[in-house]
Structures are given as C-alpha cells and as structure tokens.
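Commentary on secondary and tertiary structure
Residue strings, one per chain:
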Number of protein chains: 2
Amino acid sequence: MTTTTQIRLAARPVGEPDDTCFETVTVELPALEDGQVLLRTVYLSLDPYMRGRMSAARSYAAPLEIGDVMLGGTVSEVVESRSSDVAVGDLVLSFSGWQSHAVADAGAVRRLDPSAAPVSTALGVLGMPGFTAYAGLLEIGRPQAGETVVVAAATGPVGSAVGQIAKVKGARAVGIAGGPEKRRALTEEFGFDVGLDHRSPDFVEELAAATPDGIDVYFENVGGPVADAVFRRLNTYARVPVCGLVANYNATSAPEGPDRLPGFMGQILSRSLTIRGFIQDEFTRSHGRDFLRDMSQWVGDGSVRYREDVVDGLEKAPEAFRGMLRGANFGKLLVQVGPDPTR
Amino acid sequence: MTTTTQIRLAARPVGEPDDTCFETVTVELPALEDGQVLLRTVYLSLDPYMRGRMSAARSYAAPLEIGDVMLGGTVSEVVESRSSDVAVGDLVLSFSGWQSHAVADAGAVRRLDPSAAPVSTALGVLGMPGFTAYAGLLEIGRPQAGETVVVAAATGPVGSAVGQIAKVKGARAVGIAGGPEKRRALTEEFGFDVGLDHRSPDFVEELAAATPDGIDVYFENVGGPVADAVFRRLNTYARVPVCGLVANYNATSAPEGPDRLPGFMGQILSRSLTIRGFIQDEFTRSHGRDFLRDMSQWVGDGSVRYREDVVDGLEKAPEAFRGMLRGANFGKLLVQVGPDPTR
C-alpha cells in the first residue's frame, strides 16, 4: 500500500494565501488499474496561474474545490506501471499537483528524455512557461527586426524566454525586473539590450531612455504600475499579448479611482493598439511541435538561457508560492519534492 | 473673384462644443492655379471623429489649430476647372470642410458617378463610415456564420452597416440604439435580428435575453455604460474592433472610481479577448477596392440599406454636430450646403 502526502486547498484566500488556505494530509493511494502508473514526484512547478484557481470566481478554467489537491505540473518518476507504454524508472511530465506520489493514466503523462535536456526544463523553458513566451510573442506580438519588445518579470521563466526569443528574431529587448541583482542578470545572463529595475525611483525616465523609438510589443505578464508606464510609450499598431497579471492576483477589490478604463480605450483607439489575452494551450495544436523543435535548438546553441530557483521539500511550497506572487523568486520556481535520479 | 463662407474653430471646447467654439467668416478664395478646381459644396459630412480634432491633445491625427476651417468630407460640384481630369459640372468627393466653396488640387478629389448611386452615399454607406464598418468587422471582427455580433449607435452610418454586413456573413446581429423609434428601425428597416433601446430600464436584462449564446464580436463605436454591459457577455475568443468612443468625446476628466482597468485586463486574460483599435485608412490599400465592389453590390441588391439625416444650411452645422455627439441624429448626418443638381 502506497501513501501520498498532499497539500490541499483548505480555504479560499482573501488577498495573499496564508497558512489557513492550505492543509497537509497523508492518504493511501488506490491500487493501480490496467493502463495506470504510480508516480513519485521529483519536481513540482509553481506558477502564478494557480492563484486564480484558488478563488471561487471563474477564470479561464474551473476553480479548485475546497479539499482538492493543489494543482500543478510535475516531473515524476514511474515507480510502478501497469502500462506497456511506460516503464518503471521512466521520468515523465505529469500534472500530479502538490503531492509526493500520484496514480495517473499512462496516456496522461509524457515521457522525458534525460539525455536531451535536464528533465526539470520540461516545467520551464521547454514546458508551459517557455511555450507561453513562444506562442504569445510570435503569434500575437509578432516582433519585426528592429522593433522594440518590452517584458516585465523578465528574469522569470516566461519573461526571460520572451526577451531571448525577441533577440533571435532581430528585435530590441528591454527587460524589467525587481532589484539590482535581477536587473544585472537581464543583460549579463539573458542578453537583453537593456535591463530596468521597476523599483528605481527614476523608473519612468529610465524606461523612456531605454525605448527611444517607443515600444512595439509589450508582453504583459504583470500588470500594475509597470504596465501603466509601458502603455504610455506604445507606438501606433503596437501589440500587447496578455498572458498574466500577477500584480493583481491578490487584489481583494477594484482599486480606487479615477477610473482609467475610458482613457485606456482611448489609447487603444488613437494608437490602433491590439490587446490580446491568451492561455498557451490555445496554441498547442498549431505551434506545439514548432516550439519543441525551435526552443530545443535555441537552448542547445545557447541562444536561450534559463535559470531555475529550486526550493527543497514539498512543505516549503506554500511559502515559496506566496513569495512568487510578490516576485521573490529568481528564475523558474520549482519545488524539489524528491531526489532527481538524473543528477 | 469667388468668396467662401467658412466655419472655423474659434476656441477649443471644454466638454460639449458651444457656440464660442465656432466662428463664421466669409473670405475671398485665391485664383486657380494649373491643376486646380473650384468647388461648390453640396453635402458636408458630420462625423464624431471631428470632436477629437478640435482638442489640443494628439489623437490619431494632428489637432486643428485655432482659426482653421473645421474639417470634413464633402460632395462638391466643380464650378471651374484648370485640370483636364475634372470638368465643370462634375460631382466629386472632396475634403473641403465646413465651407461653401473651396479650391482643391484635381488629384485630391474623386469623381462620382451619379448614375451608380446617389452622390451623398459617398459620404456614408459607400464612403468612410461604410468602409469603417466593412474593414473593422471583416478584418478584425471576423464574424463566423452563427456567431453573435453586437453594435451600438446601430441606426448610425457605421452601426447600421455593421449589422447588415454581419447578416450577409450569416451571423446573428443585435443592434443597440436610443429610443423606441430607432429601436424599431433596427429590425424593420435594417434587418437586425434584435433591436435594443439602451435607455430602457431593463436594458441589461434585455441584452442578456437577446444574446443567449453570449457575444462573439462587439463592434465598439460608442463606449460608456452600453459597452460595460456588452463586455460582461463576451465569449472566450471574442473580438472587439474599436473605431470610436463617442460617449467619451466630451468628457473633461477621468471619471470617478473605482478603477475598472485592472478588472478589464483580467477579462481580456480570462476570456482570451482581442481588443483592436483602428482607423479605417489603415485598410484602404488592402480592402478599399473590395469594399466598393461588395458594398455597391449589397446596396444594389438591398442587402444593405442606409438612412440619411439631412440638415439644411451650413449655419446649422454646429448645432447638428452637437446633437450627433448626444445621439440626436437618425441616420448618416449630412449638411446640405447647396443644391444637389442630381435631385
């Protein structure tokens, strides 16, 4: 009999999810049926979208119910298999959530090749965040050579990929992050043309200096005051793929006025802007294969670099998750739930 | 020596443009140079975009200067010609503005064929408003058969064309207008599936009943509370071409809070919406020829009907213009500046 330790949604958060929102339980897993596998979690991915699923309001997917295991992508090791497609010892991409073990249908997991890339990248640069950057930038942002692309949370897994893909396409990349250390990484580690610190008192002026020809693509994954400053510099025909608004996720009510919506619509009209929300799985069928081919090549040849921020132990997940919503992580945030047999 | 009576911008409006914003003067016109024509204005088009050009703020085009003749499209008769391309008696589409006569380069006017359609349609259904509807709906809105298209100011020249083109494309058309008479015209005259009166106390419920499958395309030419109600019913992947925001044009400051912008961005994200501002001349090169072919055919076969609201006398232009910004016109607003020789 196998048990799993799970972190479940215990209460819906009001604002930042505090400890009362989570409960940890250990339960027995059912016996495997034909076609199923027993998985041991190696890495759990923590991503901003999870905050939306903790609330009762419909977002782009149904909310979690109270008592549900917190959801999330994982890299897992197969420890028992009743499927001919997956063998014990295989490492797979799964969606096991915040738990140490899980039972899954073999058809719902994807085998990873540890010789091609570190398996953790399946949750980052070669996984959902990387694909979000790829599809949103290339299909919606459509940067042309010489244009200026701006992205915030730019040392994160989406933002860092956006900037580097923009460079591959010949565009100018301006990244925004919080603090001098991240700012430095933007140019030194990820090859942005300019890195900016949104905490700088002169941020608005520095953004203007960094974008002398205005902004043609703003990849929106943050919202808040950073977005406000960027919007004022958008060029006619600029494109704004919107994949996240992490600055708003813990908001408990609409902010005080004035109401900026009419002015925003006026900007959309007077500059012929395109604002386009998207969830990456819209593009899986159309762009998923190209993504894996292109991104694997770019990671392999060094055009796209990535950074991971690995927290040790499932019990650390709630605190790490809270930190991510505040921008405390530095790179793709992963929880190491158990040993990685490939390292 | 020929004189022209002009209405000029005398002062920038604060809110609704009152009489102090306009001044009427009569001046002599210069003698014609080679390649020029002398024009007598027959019809002057009044359109909401003119309000933006009266303000000092940069919109999508440079503002008028104090003392400039108020701008606008006209249908004019050639009364003298020093060009072999245009003959005395020709009726042409010009951009003479709010005045009785004008001198223009022959290359800047387009000859109209009175036998093909009433010449006034060059300012409406077969002109800029019709093209705004055509390009915005088909290139940005992209309605599919069976989808639901909503448009406000729906008895106006843009809105009425949007609804009727949507019907040509097999979509369901829901029009919104102000008052019972306009509401009735939406179904009886323009063939909308449903007409709604935004002044109805039950407007929100009536909109819900009229769009049981949600809204796939909202052609935004109004803004304000109507837009708020429509946005709440947009489906995933809905498209919103934004060509005007007439409800906001006289606003003197940002409205009081709460600030709805973060919530609006959240909707864009959670429903994968596309919001796209445009000015019709972006599409002139790519779609202008198709427009004239398609729209002429649709007007000819009765698929697209149009309504004109003709005000007699140039001196009536300021009051008619103010009324249009409040929605008082019923159909395409034209000023008859002089006799129409084709009627």
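Counting starts from 1 at the beginning of each chain's written sequence and moves along it residue by residue. Chains and ligands are labelled sequentially in the order written, the chains with letters from A and the ligands with numbers from 1. At least 70 in pLDDT is required for a residue's local features to be given in this predicted model, at least 80 for side-chain atom pairs to be given and counted, and no such filter applies to totals for whole chains, interfaces and linings, which use all residues. Neither water nor hydrogens contribute to the side-chain values; these are computed over all heavy atoms in the structure.

Description of helix α4 (residues 180–188) of chain B
Residues and elements named next belong to chain B. Inclusion rule: Throughout this description, buried means an accessible area under 20% of the type-specific maximum (1.4 Å probe, protein chains only), exposed means over 50%, and partly exposed covers the range between. Runs of H or I in DSSP of at least four residues are treated as helices and runs of E of at least two as strands, each being numbered from the N terminus. It is the directions from the helix axis to the C-beta atoms that the arc portrays. Contacts are residue-level and defined by heavy atoms, with any inter-residue pair within 4.5 Å sufficient.
Every buried residue belonging to α4 is among Lys182, Ala185 and Leu186, and all of these are buried. Seen from one end, α4 has its buried residues packed into an arc of 110°, which puts them on one side. Across from the buried face of α4, at angles greater than 90 degrees, the exposed residues are Pro180 and Glu188. On its buried face, α4 is in contact with β9 (172–177) and β10 (194–197).

Comments concerning the relation of the copies chain B and chain A
Put simply, the test is: When the copies are superposed, the least-squares fit takes in the C-alpha atoms of residues with a pLDDT of at least 70 in both.
When chain B is brought onto chain A, the operation consists of a screw motion whose angular component is 180° and whose axial shift is 0.0 Å, with 0.0 Å RMSD remaining. Expressed as an axis order, the relation between the two copies is that of a two-fold axis. The rotation axis passes nearest to the C-alpha of B:Gly257 in chain B, at a distance of 1.6 Å. Counting the interface residues of chain B, we find that 100% of their copies in chain A are interface residues as well, pointing to one common contact surface.

Observations regarding unusual backbone geometry
Its identity is not glycine, yet A:Tyr237 carries a phi of approximately 70°, on the positive side. Despite not being glycine, B:Ser272 has its phi angle at roughly 50°, a positive value. Relative to the helices and strands, B:Ser272 is located in the loop between α7 (261–270) and β13 (274–277). Assessed through its relative accessible area of 4%, B:Ser272 is described here as buried.

Section: helix α5 (residues 203–210) of chain B
All names here are of chain B. Of all the residues in α5, the buried ones are Phe203, Leu207 and Ala210. For α5, the arc enclosing every buried residue in end-on projection is 65°, short of the 170-degree limit, so these residues lie on one face. Elements that come into contact with the buried residues of α5 comprise β9, β10 and α6 (224–231).

Things to note about the packing of helix α7 (residues 261–270) of chain A against α7(B)
Filter applied, for reference: The angle between two axes is taken between their N-to-C directions and runs from 0 to 180 degrees, where each axis is a line fitted to C-alpha atoms and a helix contributes only its stretch in contact. Here the word oblique covers every angle except those under 35 degrees (roughly parallel), over 145 (roughly antiparallel) and from 65 to 115 (roughly perpendicular). Each residue is assigned to one of three groups, with Ala, Val, Leu, Ile, Met, Phe, Trp, Tyr, Cys and Pro labelled nonpolar, Asp, Glu, Lys and Arg labelled charged, and all others, Gly among them, labelled polar.
Across the interface, α7(A) lies against α7(B) with an axial gap of 9 Å and an inter-helix angle of 55°. Looking at the two axes, α7(A) sits oblique to α7(B). Only B:Leu261, B:Phe264 and B:Met265 of α7(B) make contact with α7(A), whose side of the interface consists of A:Leu261, A:Phe264 and A:Met265. Among the residues making up the contact of α7(A) with α7(B), the classes are represented as 6 nonpolar, no polar and no charged.

Some details on the sheet that holds strand β11 (residues 215–219) of chain A
Pairing between sheet strands relies on hydrogen bonds along the backbone, with the strands arranged either parallel or antiparallel. Under the convention used in this document: In short, DSSP must find at least two bridges between two strands for them to pair.
Strand order in the open sheet made by the 12 strands is β10(A)-β9(A)-β8(A)-β11(A)-β12(A)-β13(A)-β13(B)-β12(B)-β11(B)-β8(B)-β9(B)-β10(B), with mixed pairing throughout. Here the strands that pair on one side only, and so sit at the sheet edges, are β10 (194–197) of chain A together with β10 of chain B. Sheet twist, expressed as the average angle between the axes of neighbouring strands with direction ignored, equals 15°. Strand direction decides the pairing type here: strand β11 (residues 215–219) of chain B and strand β12 (residues 234–242) of chain B, joined by 2 bridges, are parallel. Following the sheet pairing, B:Ile215 is matched in β12(B) by B:Leu234. Along the sheet face, α4(B) touches β9 and β10 of chain B and points at about 170° away from the line of β10(B).

A look at the pattern of salt bridges
Filter applied, for reference: A pair is scored as a salt bridge if a Lys or Arg side-chain nitrogen falls within 4 Å of a carboxyl oxygen belonging to Asp or Glu.
Going through the model one piece at a time under the given rule, you end up with 40 salt bridges over all chains. A salt bridge links A:Arg343 to A:Glu308, with the shortest nitrogen-to-oxygen separation between them at 3.8 Å. Of this pair, A:Arg343 sits in the segment after β15 (332–336) while A:Glu308 sits in strand β14 (residues 308–312), placing them 35 residues apart in sequence. Of the charged contacts, one joins B:Lys332 and B:Asp47 as a salt bridge, the two residues approaching to 3.0 Å between their closest N and O atoms. Residue B:Lys332 is located in strand β15 (residues 332–336), and its partner B:Asp47 is located in the loop between β3 (36–45) and α1 (49–54); the two are separated by 285 residues in the primary sequence. Taken together, the shared-partner salt bridges in this structure form one network comprising A:Glu16, A:Asp19, A:Glu319, A:Arg322 and A:Arg326.

Quick word on the packing of helix α2 (residues 128–141) of chain A against helix α3 (residues 157–168) of chain A
Residues and elements named next belong to chain A. In plain terms, the rule: By definition, turning the near helix anticlockwise from the far helix through less than a right angle yields a left-handed crossing, and turning it clockwise yields a right-handed one.
Between α2 and α3, whose axes approach to 8 Å, the crossing angle comes to 45°. It follows that α2 is oblique to α3 by the angle criterion. Classified by chirality, the crossing of α3 by α2 is right-handed. From α2, Pro129, Thr132, Ala133, Tyr134, Leu137 and Leu138 reach across to α3, where they touch Pro157, Val158, Ala161, Val162, Ile165 and Ala166. Taken together, the residues of the contact of α2 with α3 sort by class into 11 nonpolar, 1 polar and no charged.

A look at the domain arrangement of chain A
Accessible area lost on assembly of the parts is the figure often given for the size of an interface. All names here are of chain A. For clarity, the threshold we go by: An automatic or database domain assignment provides the domain bounds reported here. By buried area we mean the combined loss of accessible area, with a 1.4 Å probe, across both parts when two parts are placed together. Under this definition, polar contacts are N or O atom pairs within 3.5 Å; protein pairs additionally need one hydrogen-donor-capable and one acceptor-capable atom, and for neighbouring residues in sequence, both atoms have to be side-chain atoms.
In terms of domain boundaries, chain A breaks down into domain 1 (3–124 + 306–336) and domain 2 (128–300). Distance between the C-alpha centres of domain 1 and domain 2: 27 Å. Residue-level contacts link 21 residues of domain 1 with 16 residues of domain 2. Between domain 1 and domain 2 lies a buried interface of about 1600 Å² when both sides are counted; carbon and sulfur atoms form 61% of it. Run the count over domain 1 and domain 2 and you get 1 salt bridge. With its nearest N and O atoms 2.7 Å apart, the salt bridge here joins Glu189 to Arg307. The tally of links from domain 1 across to domain 2 stands at 4 residue pairs in polar contact (both at pLDDT 80 or more). Residue composition of the side of domain 1 that touches domain 2, grouped by class: 11 nonpolar, 5 polar and 5 charged.

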